[in-house]
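Analysis of the macromolecular model
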Amino acid sequence: MQDHYQHRKHNKNLLMVHLIFVTKYRKSILYGQIKEDTKQHIFDACVKHHWYICTMEADGDHIHILLQYNPSDSITKIVGVLKSYSTYHIWKAHNTILSQHFWKEQTLWSDRYFACSIGNVSKETIEKYIENQG
């Protein structure tokens, strides 16, 4: 993975987050065409919002995404956009299969998510750098 700083008018940044979404009721449905379509819809949503996916993979009942984002976007916003966009489009394409698993509502993801910021250097390296200033 090669990191690319984003150059903006008033800042230069490299903000990255590791996200994990789990399917509702931990249903193992992210296989085959549903898996590929889900990944594509998440990718499409990222392109629309100028987020960059470094890597993404799904495994049955969850998906991992390593994403570079803009400082003006919150993690909560990113998660909301990706979950709602992918859910809407997956139900459009795979209604018959999904309705067998989620008969009460048109859902795909659990309400929860995991998010962890990542960086290019360790906390200790940054602390040492700051301590050596001045």
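Thresholds, definitions, all that
- Residues numbered from 1 in each chain as written.
- Predicted model: local features only at pLDDT ≥ 70, side-chain atom pairs only at ≥ 80, totals over all residues.
- Heavy atoms only, no water.
- Helix = DSSP H or I, 4+ residues; strand = E, 2+ residues; numbered from the N terminus.
- Buried < 20%, exposed > 50% of the residue type's maximum accessible area, 1.4 Å probe, protein only.
- Lys, Arg positive; Asp, Glu negative; His and termini not counted.
- Salt bridge = Lys/Arg side-chain N within 4 Å of Asp/Glu carboxyl O.
- Contact = heavy atoms within 4.5 Å.
- Patch = residues over 30% accessible without salt bridge, like charges linked within 9 Å, V, L, I, M, F, W, Y side chains within 5 Å.
- Areas by Shrake-Rupley, 256 points an atom, 1.4 Å probe, with all protein chains shown as cover.
- Polar contact = N/O pair within 3.5 Å; in protein donor to acceptor, adjacent residues only side chain to side chain.
- Pairing = 2+ DSSP bridges.
- Axes fitted to C-alpha atoms, helices over the stretch in contact; angles between N-to-C directions.
- Phe/Tyr/Trp six-rings, centres within 6.5 Å; stacked < 30°, edge-to-face > 60°.
- Lys NZ or Arg CZ within 6 Å of the ring centre and 35° of its normal.

**A look at the side chain of Lys-24**
With respect to the element layout, Lys-24 can be found in the loop between β3 (15-23) and α1 (32-48). The charged side chain of Lys-24 is buried without a salt bridge, its nearest counter-charge being Asp-111 at 4.1 Å. Not counting the four nearest positions on each side in its chain, Lys-24 is found in contact with Phe-102, Glu-105, Thr-107, Leu-108, Trp-109, Ser-110 and Asp-111.

**What to know about a nonpolar patch on the surface**
On the surface, a cluster of nonpolar side chains totalling about 420 Å² of accessible area is made up of Val-121, Ile-126, Tyr-129 and Ile-130. Relative to the helices and strands, Tyr-129 resides in helix α3 (residues 123-131).

**Some details on the side chain of Lys-83**
Counting through the fold element by element, Lys-83 comes out in helix α2 (residues 75-101). Of the side chains with opposite charge, Asp-111 comes closest to the buried, unpaired Lys-83, at an N-O distance of 6.1 Å. For Lys-83, the side chain forms a polar contact with the main-chain oxygen of Arg-112, separated by 2.9 Å. Setting aside its immediate chain neighbours within four residues, Lys-83 contacts Phe-21, Trp-109, Ser-110, Asp-111, Arg-112 and Tyr-113.

**Concerning the sheet that holds strand β4 (residues 52-58)**
In space, the 4 strands of this open sheet follow the order β4-β5-β3-β6, with antiparallel pairing throughout. Both outer strands of the open sheet, β4 and β6 (109-118), are each paired with one neighbouring strand and no more. Averaged over all neighbouring strand pairs, the angle between strand axes comes to 15°, with direction disregarded. Here 8 bridges tie β3 to strand β5 (residues 62-69), and the two strands are oriented antiparallel to one another. Looking across to β5, one finds that Val-17 is bridged to Leu-67. Contacts from α1 reach β4, β5 and β6 within the one sheet, and its direction differs from that of β4 by about 165°.

**Here's the deal with the packing of aromatic side chains**
Tallying each qualifying case throughout the model produces 2 aromatic pairs. Cation over ring: Lys-12 sits above Tyr-5, and NZ or CZ is 4.9 Å from the ring centre. Lying over the aromatic face of Tyr-25, Lys-24 brings its terminal NZ or CZ to 5.8 Å of the ring centre.

**Description of the pattern of salt bridges**
Under the defined criterion, the tally for this structure stands at 4 salt bridges. Its salt-bridge partner being Arg-26, residue Asp-61 comes within 3.0 Å of it at the nearest N-O pair. Placement of Asp-61 in the loop between β4 and β5 and of Arg-26 in the loop between β3 and α1 is noted, with a sequence separation of 35 residues between them. Among the residues examined, Asp-61 registers a relative accessible area of 14% and is labelled buried. When the shortest N-O distance is used, the salt bridge between Glu-57 and Lys-39 registers 3.4 Å. Of this pair, Glu-57 sits in strand β4 while Lys-39 sits in helix α1, placing them 18 residues apart in sequence. A relative accessible area of 39% places Glu-57 in the partly exposed class. Look at the salt bridges and you will find they share partners, linking Lys-35, Lys-39 and Glu-57 into a network.

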